[in-house]
Amino acid sequence: MTSSTNKGKVNPDLINERNKCTFNTLELTHLLDGDEVKTKERKSRESFFLDDADLKTEVPIEYLSHKEKYEEAVRKACIVFRKVQQLQNEGKAGVDNYREILGGQLGSALLKDGHPLTLHYVMFIPTLMGQATIQQQAEWIQKAWSCNIIGTYAQTELGHGTFIRGLETIATYDPKTEEFVLDSPTLTSYKWWPGGLGQSANYAIVLAQLYTLGKCHGIHPFIVQLRDEETHEPLSGIIIGEIGCKLGMNTTNNGYLGFNKVRIPRTNMLMKNNQVLPDGTYVKSPSSKLTYGTMIFVRVVLVQDAATYLKKAATIATRYSAVRHQSQIKPNEPEPQIIDFVTQQHKLFPYIATCFAFQYSATWLWELYNNVTGELESGHLDNLPELHAASCVLKAVSSADAALGVETLRLACGGHGYMTSSNLPTTYGLVTAMCTYEGENTVLLLQTARFLIKIWQNKTNVTNLPTVRYLQNSLNRNSPFEKTVSWIISALQQTATGKIDLANRHINERVKKGEAYEDAWNNTSIELVAAAEIHGRTFIVETFFSTVQKLRKQTSVELGTVLSQILELYAVYTILRSTGDLLRFTRTSSQDIELLQGWLEELLAAIRPNAVGLVDSFDMRDEVLASTLGAYDGNVYQRLFEEAQKSPLNSEPVNKSFHLYLKPFMKSNL
Ligand SMILES: CCCCCCCC/C=C\CCCCCCCCCCC/C=C/C(=O)SCCNC(=O)CCNC(=O)[C@H](O)C(C)(C)COP(=O)(O)OP(=O)(O)OC[C@H]1O[C@@H](n2cnc3c(N)ncnc32)[C@H](O)[C@@H]1OP(=O)(O)O
Ligand SMILES: Cc1cc2nc3c(=O)[nH]c(=O)nc-3n(C[C@H](O)[C@H](O)[C@H](O)COP(=O)(O)OP(=O)(O)OC[C@H]3O[C@@H](n4cnc5c(N)ncnc54)[C@H](O)[C@@H]3O)c2cc1C
């Protein structure tokens, strides 16, 4: 039985759903957390934060002004991180806790619309760890860890986000004073977007074009003080503020920043990779891309975050669909639970399965990241391109599908899904931002395509490259339909290979016709993006498959069966998204597509009795879901009504606008 904090009387439909679940939901919770001990630890941490009265907000934040929202977010952020420090001192907090607290699970329960200190932890500290020398780390890391200074990561400018080689902020080295002079020569060179930059941070890692001895060496990271450590007033030459309201993430305090000839010591350039010596000599690192390391780190952690947001939306929409009755399937029968409509199951269940698929890919990617960064430390760069390509495609596919998923799940809740109190709109605001930040998705898919085409053109030996090993032998393979996930993987691999090959042929044909390679690339880029996307999806199915194979050895038969069903559902759903390509690039026939469709429908029916059990296993507390539609007890209508009472418009029977405007308007005789 999955636990909940809600003590209310549980809706009978949900009781019924829980009674008919065929597996032990707690077993699945433990599996998702890692084991029973980890579940216990997570729950105890959740209580530590969520039961703290100081971290509760009486008025829903939607009714606060922009300024009040920010102030409330800072208040809570400070309490949260004081508590994290307390856990750390007790030896109970590590990187995973920061992930939980800043990411979609606990994080969005504590600060519903984004965190003003996220960038400090997710990019400022990691950049210091990855790009600063030992001496620089000794100077800055402790201050940053203990929050004596608060930092952000200021890369994007008004004029450039994607094309970072085009950034315009300048850092010119002055050997006479051994200082860099930072300058923003144009309006478009102003930094724009960094989280926490508006009013929270007093330091930033600033990415700027480095000039020394009259030569530009491209973008480099500098640690720059922005505000006085006591008064928090902006320092001389620093032009700083907040960028204003956005679709979502309205408490992340995104800011702008300009420099008017601001001087910083030479030692404030982060010099682990490249250096500027006191006389201005530039010393280059073995790879210019090491400067981009923090972006890889964040892309890697975002895949897990995408899974978590999707779990939240899937839990809300599935529980709601079990409680909501509407329409009729047959005349003279009671109105069914909307979850019994097969179209509704098609909106819900594939996204429940996607949560698992993304979680397993996220785990795989995190391991790869740790291995490759370990290799980088000892000077081995060979596996960096694969890590870069894998993190780009997995970030792009997981964020795009999670955003589409959250929106689909919101639509699956009908009108009530449109209510802010369902928490689906806010969740969408958070998840769709992920498609843009940390590398816009199309741009990232093109990075992966670049890697794939290079491998394909150079016939690189791919034996030791797990994400592209399939390219060795999957073109032109004859494979009659089999109702297995292995068949789906092989068909997807053939499709991906076919698309990569075709895109490559089109580039070559365009070049032969006289186009420059870069133009040929741009003209083929629709196909390149599609090839990268299916390559990514194929890898996610493959990783899900190998993970379930391993897990089934340790689970009960009942849970093993359910895991296989959701794996199959994810695989069938994924391949059916590409039927056109399947018909083009494999020997799959239209009869095979019908069989796949039948298989999909069988799986929806098989998963139906366990749908609520599956989302219960995600074990998201009501405070985490923060939704009138998704609470454990399913008392949807009572909650909607109670929340409506919190609207400030309901605090008085007649609003003054009636007397001021409506009444005179209604009584006027035109
Ligand atoms: C231990 C830590 C302690 C603290 C603990 C904290 C832990 C917290 C953990 C988790 C928290 C989880 C919660 C998450 C909550 C998240 C909220 C996050 C908020 C996010 C805020 C957002 C921030 C930002 O957006 S920052 C700005 C990001 N900007 C971008 O991403 C820009 C995108 N553009 C680019 O990356 C590049 O410009 C480009 C890749 C598009 C093109 O670059 P270019 O120089 O033009 O390169 P190009 O010529 O195309 O390629 C040259 C070759 O280099 C290869 N390459 C490119 N990039 C990389 C790279 N990053 N790494 C390696 N290689 C790279 C490229 O493929 C080319 O290779 P080739 O061989 O020549 O083909
Ligand atoms: C919520 C949020 C938080 C952020 N936080 C930070 C932060 O803390 N620090 C920071 O430095 N930045 C931050 N950013 C900025 C973010 O990293 C950039 O917005 C992002 O990298 C996209 O760049 P852009 O805005 O220049 O988009 P553009 O590149 O202008 O994208 C616009 C369109 O152009 C297309 N395009 C651009 N280049 C290419 C290409 N080469 N090939 C094909 N198509 C192309 C894109 O696909 C897209 O369709 C944040 C952004 C958001 C939305």
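Residues numbered from 1 in each chain as written. Chains lettered and ligands numbered in written order. Predicted model: local features only at pLDDT ≥ 70, side-chain atom pairs only at ≥ 80, totals over all residues. Heavy atoms only, no water.

1. What about the site of ligand 2?
Piece 1. Around ligand 2, the surrounding shell holds 19 residues, and the nearest of these are Tyr153, Thr156, Gly161, Thr162 and Glu440.
Piece 2. Compared with its free state, where it exposes 960 Å², ligand 2 has 64% of that area covered by protein.
Piece 3. Ranked by residues supplied to the shell around ligand 2, first place goes to helix α13 (residues 441–458) with three residues.
Piece 4. Of the residues in the shell around ligand 2, the class split is eight nonpolar, nine polar and two charged.
Piece 5. In terms of domain composition, the shell around ligand 2 takes at least three residues from each of domain 1 (6–37 + 296–647) and domain 2 (149–285). (Near = heavy atom within 4 Å. Areas by Shrake-Rupley, 256 points an atom, 1.4 Å probe, with all protein chains shown as cover. Helix = DSSP H or I, 4+ residues; strand = E, 2+ residues; numbered from the N terminus. Nonpolar A, V, L, I, M, F, W, Y, C, P; charged D, E, K, R; others polar. Domains from an automatic or database assignment.)

2. Quick notes on the UniProt feature "domain: Acyl-CoA oxidase C-terminal" (unreviewed entry) in the chain
Piece 1. In the numbering used here, UniProt assigns the "domain: Acyl-CoA oxidase C-terminal" (unreviewed entry) feature to residues 487–667.
Piece 2. Along residues 487–667 one finds 76% helix and 0% strand; the C-alpha atoms at either end are 73 Å apart. (UniProt positions renumbered as here; feature names shortened; annotations may be inferred.)

3. Focus: the state of the cysteines
Piece 1. In total, this model carries zero disulfides according to the counting rule given.
Piece 2. Counting only cysteine sulfurs, Cys435 is the nearest neighbor of Cys392, a cysteine outside any disulfide, at a range of 14 Å.
Piece 3. By relative accessible area, which is 0% here, Cys392 ends up buried.
Piece 4. The class for Cys435 is buried, based on a relative accessible area of 15%. (Disulfide = S-S within 2.5 Å. Buried < 20%, exposed > 50% of the residue type's maximum accessible area, 1.4 Å probe, protein only.)

4. Overview of the nonpolar core
Piece 1. If you look at the biggest cluster of nonpolar residues, it comprises 175 residues, and the most contacted ones within it are Phe356 and Leu563.
Piece 2. Taken together, domain 1 (6–37 + 296–647) and domain 2 (149–285) each give at least three residues to this core, which thus spans both.
Piece 3. Those residues in contact with Phe356, other than ones at most four positions away along the chain, are Leu28, Leu32, Phe544, Leu563, Ile566, Leu614 and Phe618.
Piece 4. Listed in part, the 23 residues of the second largest apolar core include Tyr173, Ala204, Leu226 and Leu257. (Core = buried A, V, L, I, M, F, W, Y, C linked by side-chain atoms within 4.5 Å. Contact = heavy atoms within 4.5 Å.)

5. Here we look at the site of ligand 1
Piece 1. Taken together, 36 residues lie near ligand 1, and Arg165, Tyr292, Gln447, Arg450 and Lys454 sit nearest.
Piece 2. With respect to ligand 1, the side chain of Gln447 contributes an N or O atom lying 2.8 Å from an oxygen atom.
Piece 3. Computed on the free molecule, ligand 1 has an accessible area of 1500 Å², of which 85% lies beneath the protein chains in the complex.
Piece 4. Mapped by element, the contributors of at least two residues to the shell around ligand 1 are α5 (95–102), α7 (118–131), α9 (293–323), α11 (384–411) and α13.
Piece 5. For the shell around ligand 1, the per-class residue count stands at 19 nonpolar, nine polar and eight charged.
Piece 6. Residue contributions to the shell around ligand 1 reach at least three from each of two domains, namely domain 1 (6–37 + 296–647) and domain 2 (149–285). (Polar contact = N/O pair within 3.5 Å; in protein donor to acceptor, adjacent residues only side chain to side chain.)

6. So, the packing of aromatic side chains
Piece 1. On inspection of all chains with the given rule, the structure shows 19 aromatic pairs.
Piece 2. Geometrically, the ring pair formed by Phe81 and Tyr98 is stacked, given 6.2 Å between the ring centres and 15° between the ring planes. In this pair, Phe81 is assigned in helix α4 (residues 66–89) and Tyr98 in helix α5, connecting sequence segments 17 residues apart. Assigned by exposure class, Phe81 and Tyr98 land together as buried.
Piece 3. Taking 4.1 Å as the distance between ring centres and 20° as the angle between the ring planes, the aromatic pair formed by Phe81 and Tyr121 counts as stacked. Placement of the pair is Phe81 in helix α4 and Tyr121 in helix α7, with a sequence separation of 40 residues.
Piece 4. Judged by relative accessible area, Phe81 falls into the buried class, the value being 3%.
Piece 5. Accessibility expressed as a relative area gives 7% for Tyr121, which makes it buried. (Phe/Tyr/Trp six-rings, centres within 6.5 Å; stacked < 30°, edge-to-face > 60°.)

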